[in-house]
Amino acid sequence: QVQLVESGGGLVQAGDSLRLSCAASGRTFSSYAMGWFRQAPGKEREFVAGISRSGISTDYANSVKGRFTISRDNAKNTVSLQMNSLRPEDTAVYYCAAKPSGSYAERSGYDYWGQGTQVTVSS
C-alpha cells in the first residue's frame, strides 16, 4: 500500500551530523504515522523516533532525545531524521516505517518498511 525508500546514510565521525530522508509513495501518506527504527549488529531492531500524522507530535527513544529530530512534509510525502552529535553507538541500519492505524508513540503496528540505509559513526 505504501512504498518507502530511505536515503542519506553514510560514514561520519563522532560529533558530526547527518540527515536521513524517506520518500513514500501513495496519496494516503498523511494517513500514516511514521517512524524511524534502527538495528545495530547483533542487536534487535529498536525504535528511534515517531511522528504523528499531522507532524505536530513526536516521540523519541531516550538514547537519542535531544540529539535527533524527526519531521515530515505531507505535501512532499517525505519524513526525515536529523541526527546531530552522532556517537559510535548510533551505528546501525536505519529504517523508515509507516503505521496505518494507532498512535505514533506505540512501537507496535508499523507494518510497512523501507530497506534501510547504513549509518556508520567512527570514533
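In this text, all values refer to a predicted model and were calculated from it rather than measured experimentally.

A.B. asks: Give me the lowdown on the overall build of the protein, citing residues and values where you can.
C.D. replies: Broken down by element type, the protein carries zero helices and 11 strands. Along the protein, from the amino end to the carboxyl end, the secondary structure elements read β-β-β-β-β-β-β-β-β-β-β. Taking 2.2 N^0.38 as the reference for a compact globule, 123 residues should give roughly 14 Å; the C-alpha atoms of the protein span a radius of gyration of 13 Å, in line with that estimate. Each of the 123 residues in the protein was classed as buried or not, and the buried ones make up 41%. For the protein, contacts bridging at least 24 residues in sequence account for 59% of all contacts bridging at least 6. A total of about 6200 Å² of accessible surface is found on the protein, and carbon and sulfur atoms cover 45% of it. Across the protein, the centroid of the 13 positively charged side chains sits 5 Å from that of the 10 negatively charged ones.

A.B. asks: So, the pairing of strand S8 (residues 78-83): which residues are in play, and what are the values?
C.D. replies: Across six bridges, strand S3 (residues 18-24) lies against S8 in antiparallel orientation. Bridge pairing links serine 21 to serine 80 in S8. The sheet contact formed by strand S7 (residues 68-73) and S8 spans six bridges and is antiparallel. Among the inter-strand pairings, phenylalanine 68 is bridged to a residue of S8, identified as methionine 83. From the end of S7 to the start of S8, which pair antiparallel, there are four residues, and asparagine 77 there has a positive phi angle of about 55°.

A.B. asks: Pulling in residues and values, what's your account of the environment of lysine 76?
C.D. replies: Relative to the helices and strands, lysine 76 is located in the loop between S7 and S8. Expressed as a C-alpha distance, the spacing of lysine 76 and alanine 33, which sit 43 residues apart in the sequence, is 15 Å.

A.B. asks: So what's going on with the state of the cysteines? Which residues, and what values?
C.D. replies: The final tally for this structure, using the stated rule, is one disulfide. Disulfide pairing is shown between cysteine 22 and cysteine 96; the S-S distance is 2.1 Å. Across the S-S bond linking cysteine 22 and cysteine 96, the dihedral sits near -80°, which makes this disulfide left-handed. Here cysteine 96 lies in strand S9 (residues 92-99) and cysteine 22 lies in strand S3, a separation of 74 residues in the sequence. The class of cysteine 22 is buried, set by a relative accessible area of 1%.

The rules we used
Residues numbered from 1 in each chain as written. Predicted model: local features only at pLDDT ≥ 70, side-chain atom pairs only at ≥ 80, totals over all residues. Heavy atoms only, no water. Helix = DSSP H or I, 4+ residues; strand = E, 2+ residues; numbered from the N terminus. Rg over C-alpha atoms; globule rule 2.2 N^0.38 Å. Buried < 20%, exposed > 50% of the residue type's maximum accessible area, 1.4 Å probe, protein only. Contact = heavy atoms within 4.5 Å. Areas by Shrake-Rupley, 256 points an atom, 1.4 Å probe, with all protein chains shown as cover. Lys, Arg positive; Asp, Glu negative; His and termini not counted. Charge placed at Lys NZ, Arg CZ, Asp CG, Glu CD. Pairing = 2+ DSSP bridges. Disulfide = S-S within 2.5 Å.

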